[in-house]
Each structure stands twice: as structure tokens, then as C-alpha cells.
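Each chain, letter by letter, is given below.
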Amino acid sequence: MTMQHQQFMQRALALAAAAEQQDEVPVGAVLVHQGRIIGEGYNQVISCNDPSAHAEAVAIRAAGQALQNYRLVDTTLYVTLEPCAMCAGLITHARIKTLVYGAADPRTGATGSAICVINHPSMNHQVEVIGGVMAAECGDLLRQFFRRRR
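Let me begin by describing the structure that accompanies this report. (Residues numbered from 1 in each chain as written. Predicted model: local features only at pLDDT ≥ 70, side-chain atom pairs only at ≥ 80, totals over all residues. Heavy atoms only, no water.)

Some thoughts on the overall build of the protein chain
Okay, step 1: Across its full length, the protein chain carries four helices and five strands.
Okay, step 2: Traced from its N-terminal end to its C-terminal end, the protein chain shows the element sequence α-β-β-α-β-α-β-β-α.
Okay, step 3: Radius of gyration (C-alpha) of the protein chain: 14 Å, near the 15 Å computed for a compact globule of 150 residues.
Okay, step 4: For the protein chain, the spread of C-alpha atoms along the principal axes amounts to about 40 × 35 × 30 Å.
Okay, step 5: With 150 residues in all, the protein chain has 49% of them scored as buried. (Helix = DSSP H or I, 4+ residues; strand = E, 2+ residues; numbered from the N terminus. Rg over C-alpha atoms; globule rule 2.2 N^0.38 Å. Buried < 20%, exposed > 50% of the residue type's maximum accessible area, 1.4 Å probe, protein only.)

Take a look at the structure:
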């Protein structure tokens, strides 16, 4: 794991903690272009009453505004949890180059854990996927959150 991956995943984890403070599922995301954060977000589905306000979508929307472009070529998305099908589709349509995620999601992960949306043969854009970066820390945050809610 590169120091850069760890640095940006640390920021995503801090954003996930912010989501947890708002009683949202603690997932954070950071979008990087040329070594600089251009968008970040955390889950806000409850607080925004918006089922599409996943961490990845919030970060991608911010990055689109920052670059003034809906195509986010040559960018890397760091997210604490393997993206769902909606977010995997969004990552593909945004033309994000690399996805780096922390914890795998065996129930809804769409990079291969549950289903494979990213890099499906019918898609016209391929994303480099790097999973398991700081997986223990990312997974622990989620497990503790759900344990407290039960």
C-alpha cells in the first residue's frame, strides 16, 4: 500500500466518522486529481432525505463542480466501503480512472463481492480497482456502528 493511498483513505475515514456523528452509516469518500482532493463526501441519505446521497455520489458531485466537467478522467476515488451497484455505475459513467476502497461488502458490494457492476464486459469504460486498503480500520468502524444500533 502506498503512503498516498493511506493518506487519502485516512481522510475518507475521518469523513466516515462525520457521517456517524449524524447517525448515518459511516462511509466516507475522497476524489483526487493530480494529488489534490477535488471532492469529498460522506453518507447523507437520512439527513438529506435523498437515497442517492451516498458518500461516493456526494464526492463525485463536488468534483464535477470543481473541475466544471461531468467526466472525471485521471482521477482516483477513495472510499471506505466497497461501492454498491448505484455507485459503481456512477463511477463508471464519470470515467473515474481508479477506485481504491477499504472494506469489502459481501452483501451489496458491486466490484465483485456480491455482484460485479464495475468492469462488467458490457461497460465501455474500465476502472482500475484496488480493494482492501486499510480494510481493518474501515470494517471496524462499520461493525461498531451497527453493533451500537442493535
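With respect to the environment of His-33
Okay, step 1: By secondary structure assignment, the location of His-33 is in strand β1 (residues 28-33).
Okay, step 2: With residues near it in sequence (within four places) discarded, His-33 still touches Ile-38, Leu-67, Val-73, Asp-74 and Thr-75. (Contact = heavy atoms within 4.5 Å.)

Considering unusual backbone geometry
Okay, step 1: Despite not being glycine, Asp-23 shows a phi value in the positive range, around 65°.
Okay, step 2: Mapped onto the fold, Asp-23 is located in the loop between α1 (3-21) and β1.
Okay, step 3: The backbone phi angle of Arg-95 is positive, close to 65°, even though this residue is not glycine.
Okay, step 4: Assignment of secondary structure puts Arg-95 in the loop between α3 (85-93) and β4 (98-103).
Okay, step 5: When its relative accessible area of 17% is taken as the criterion, Arg-95 is described as buried.

Structural notes on α1
Okay, step 1: Compared with an ideal rise of 1.5 Å per residue, which puts 19 residues at 27 Å, α1 spans 27 Å between its outermost C-alpha atoms and is within 8% of the ideal.
Okay, step 2: Within the sequence span of α1, burial applies to His-5, Phe-8, Met-9, Ala-12, Leu-13, Leu-15, Ala-16, Ala-19 and Glu-20. Relative to the axis of α1, the buried residues are bounded by an arc of 165° and lie together on one face. With respect to the buried face of α1, the exposed residues turned more than 90 degrees away are Met-3, Gln-7 and Gln-21.
Okay, step 3: Looking at the buried residues of α1, the elements they touch are β1, β2 (36-42), β3 (75-81), β4, β5 (128-130) and α4 (135-149).
Okay, step 4: Immediately beyond the C-terminal end of α1, within one or two residues, lies Asp-23, with a positive phi of roughly 65°. (Expected span 1.5 Å × (residues − 1). Arc of directions from axis to C-beta.)

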